[in-house]
Amino acid sequence: MTSQPSTHSQHTNVTVIGLGPMGLALAEVLQDRGHNTTVWNRTPAKADDLVARGAHRAETVAEAVSASPVTIVCLSDYDAVHAVLDSAGDALKGRVLVNLSSGTPKEAHAAVDWAAERGVSYLDGAIMVPPFLVGRPDSVFLYSGPQDVLDEHRETLAGMGDPRYLGPDPGLAVLYNTALLNMMYATMNGFLHATALVGSAGVSAVEFADLALNWFMPSVLDSSFAGQAADLDAGHYPGDAGTMEMNLNALEHITRTSAEQGVHSDQPRLMRSVAEQAIALGHGGDNYLAVFEVFKKASPAG
Ligand code: NAP
């Protein structure tokens, strides 16, 4: 099955390569929206349900990319992307690949060179929702690279979620992705460690969560981040309402309390070390957001 590129979204052909939990969700949603959907996966049986609902199972990667004007790639990482797509050979020439696999900016840039050598139009992207939220209009999908490729296939891509274009630098989508996941893991770890801390006194997670989250959302998130982002850009950290030295004291108490209560203390010790580094840089009298100056530099050796 081969096709010519088309700008009409529904009932046009689309190919999905990679049928892990995320690729399956993408293919299902595209199929539900009326696209003629071709799929390929290293383990072919994962396509069985899609095929039963009318999808076409390509026998080879070359057949898969030839079936549609646009191919969505959703594999575990960029090594897998190259391992899979290298086998398509000349079939890639003139095709559009939208790579939604996770990776690093360096890998995204290398993928652009790889695609250019093969005559492929390449758009990099990242998915910011779990599989069960794919297809909702407010589910964020990040894209970076050539905007004309996004615009040409916007209708198809918008079927999977809200396409947010970040700019022509192809590494931006995966960079935003890792930045946002970093924020998510750090926030989750903060909550989980705090819950372990009060749990050492027999407080249940349910009991703690109610108070903790209602306190955290308005008093920490709103005032520290949204309100002070402009100060981060300006490098302006007035310490009139509380200094880094005061915050180091709090971090010292968290570290000691963790040890006294018999819970894990690596995380508070790391936060204490970062505050100490900020003070060593001369920010002892600034507010806590000055740790941004520490984070902007590579970690000290050792
Ligand atoms: P995954 O485990 O990250 O990826 C599974 C897919 O990669 C399967 O299709 C698997 O094929 C394929 N694969 C891995 N190594 C391969 C290789 N060497 N050769 C050929 N195929 C290979 O599961 P996923 O959840 O579907 O994630 C896909 C991508 O979406 C990842 O980059 C992930 O970070 C991203 N993502 C996932 C979520 C989520 O919540 N799941 C959310 C946002 C973004 P087989 O089936 O044959 O093993």
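This structure is a prediction, so every number in the text was calculated from the model and none was measured.

Caption draft 1: Inspection of the site of the ligand at higher detail. Of all residues adjacent to the ligand, which total 21 residues, the nearest are M22, N41, T43, K46 and S102. One of the backbone N or O atoms of P21 is found 3.2 Å from an oxygen atom in the ligand. Between the ligand and T43 there is a distance of 2.5 Å, counted from an oxygen atom to a side-chain nitrogen or oxygen. Here the ligand loses 72% of its free accessible area of 880 Å² to cover by the protein chains. Put simply, the ligand lies in the second largest pocket. Looking at the shell around the ligand, the elements with two or more residues in it are α1 (21–32) and α4 (78–85). With three residues, α1 is the single largest residue contributor to the shell around the ligand.

Caption draft 2: Seen up close, the pairing of strand β6 (residues 121–127). Buried residues dominate β6, accounting for six of its seven residues. Looking at chain direction, strand β5 (residues 96–99) and β6 are connected through four bridges and run parallel. Within the sheet, the bridge partner assigned to V96 lies in β6 and is S121. Pairing of β6 with strand β7 (residues 140–144), which is carried by four bridges, proceeds in the antiparallel orientation. Within β7, the residue paired with A126 across the bridge is L142.

Caption draft 3: The arrangement of the nonpolar core in detail. Ranked by internal contacts, the top residues of the largest apolar core, which has 29 residues, are L26, I72, L100, V134, F141, Y143 and M160. Elements with a minimum of two residues in this core: β1 (13–17), α1, β4 (70–73), β5, β6, β7 and α6 (147–152). A80, L97, V120 and V174 belong to the second-largest nonpolar core, a separate cluster that totals 23 residues.

Caption draft 4: Broad picture of the sheet that holds β6. Across the sheet, which stays open at both edges, the eight strands sit in the order β3-β2-β1-β4-β5-β6-β7-β8 with mixed pairing between neighbours. Two strands close off the open sheet at either side, each with one partner strand: β3 (56–57) and β8 (162–165). Together, β5 and β6 form the strand contacts of helix α5 (residues 105–117), whose direction differs from that of β6 by roughly 155 degrees.

Caption draft 5: Expanded view of the domain arrangement of the protein chain. Under the domain assignment, the protein chain is made up of domain 1 (13–169) and domain 2 (176–295). Distance between the C-alpha centres of domain 1 and domain 2: 38 Å. In total, about 410 Å² of surface goes out of reach between domain 1 and domain 2, with carbon and sulfur atoms giving 75% of it. The largest share of the area that domain 1 buries against domain 2 comes from M128, L142 and L166, three residues that together contribute 66% of it. In this structure, the connection of domain 1 to domain 2 is made through zero salt bridges. Here domain 1 and domain 2 share zero residue pairs in polar contact (both at pLDDT 80 or more) between them. Per-class residue counts for the side of domain 1 that touches domain 2 are five nonpolar, two polar and no charged.

Caption draft 6: Molecular detail of the pattern of salt bridges. For the structure shown, the criterion picks out 10 salt bridges. Of the charged contacts in the structure, one is a salt bridge between D48 and R57, with a shortest N-O distance of 2.8 Å. The closest approach of N and O atoms between R118 and D86, which form a salt bridge, is 3.4 Å. Of this pair, R118 sits in the loop between α5 and β6 while D86 is found in the loop between α4 and β5, placing the two residues 32 residues apart along the sequence. Three or more residues joined by partner-sharing salt bridges are found here, namely D86, E117 and R118.

Caption draft 7: Structural view of the packing of α4 against α5. Look at α4 against α5: their axes get within 11 Å of each other, and the N-to-C directions meet at 15 degrees. Judged by the angle between their axes, α4 and α5 are roughly parallel. Considering only the axes of α4 and α5, their crossing is left-handed. On α5, the residues that touch Y78, H82 and L85 of α4 are E107, A108, A111 and W114. Of the residues that constitute the contact of α4 with α5, the class distribution is five nonpolar, one polar and one charged.

Criteria and cut-off values
- Throughout this description, residue numbers start from 1 for each chain and increase along the sequence as written.
- Totals for whole chains, interfaces and linings use all residues, but because this is a predicted model, local features are given only for residues with pLDDT of at least 70 and pairs of side-chain atoms are given and counted only at 80 or more.
- The side-chain figures draw on all heavy atoms in the structure; neither hydrogens nor water molecules are used.
- Whether a residue is near a molecule or strand depends on its heavy atoms: if one lies within 4 Å, it is near.
- Contacts described as polar in this section are N or O atom pairs within 3.5 Å, which, within protein, must combine one atom able to donate a hydrogen with one able to accept it, while residues neighboring in sequence count only if both atoms come from side chains.
- What sets the accessible areas is the Shrake-Rupley method with a 1.4 Å probe; for residues, cover comes only from the shown protein chains.
- The method works on a 1 Å grid over the protein atoms by themselves. A cavity is a set of points holding a 1.4 Å probe that cannot get out, a pocket is an open set with protein on both sides within 12 Å along at least five of seven lines, and residues with an atom within 4 Å of a point line them.
- Just a note on the criterion: a molecule sits in a pocket or cavity if more than half of its atoms are within 2 Å of the grid points.
- Elements are defined by DSSP. Helices are runs of H or I of four residues or more, strands are runs of E of two residues or more, and each kind is numbered from the N terminus.
- Note on exposure labels: buried denotes an accessible area under 20% of the residue type's maximum, exposed denotes more than 50%, and partly exposed covers the range between, all computed with a 1.4 Å probe on protein chains only.
- Any two strands are treated as partners once DSSP identifies two or more bridges connecting them.
- The definition of a nonpolar core used throughout is a set of buried Ala, Val, Leu, Ile, Met, Phe, Trp, Tyr and Cys residues joined through side-chain atoms within 4.5 Å.
- We call two residues contacting when some pair of their heavy atoms lies within 4.5 Å.
- Here, axes are lines fitted to C-alpha atoms. For helices the fit covers the stretch in contact, and angles between N-to-C directions go from 0 to 180 degrees.
- Segment limits for the domains were obtained from an automatic or database-derived domain assignment.
- What gets called buried area is simply the loss in accessible area from a 1.4 Å probe that two parts show on being joined, summed for both.
- Criterion for a salt bridge: a side-chain nitrogen of Lys or Arg within 4 Å of a carboxyl oxygen of Asp or Glu.
- Polarity classes work like this: nonpolar for Ala, Val, Leu, Ile, Met, Phe, Trp, Tyr, Cys and Pro, charged for Asp, Glu, Lys and Arg, and polar for all others, with Gly in that last group.
- Any angle between 65 and 115 degrees counts as roughly perpendicular, while under 35 counts as roughly parallel, over 145 as roughly antiparallel, and the rest as oblique.
- The handedness criterion is simple: a crossing whose near helix is rotated anticlockwise from the far helix by less than a right angle is left-handed, and one whose near helix is rotated clockwise is right-handed.

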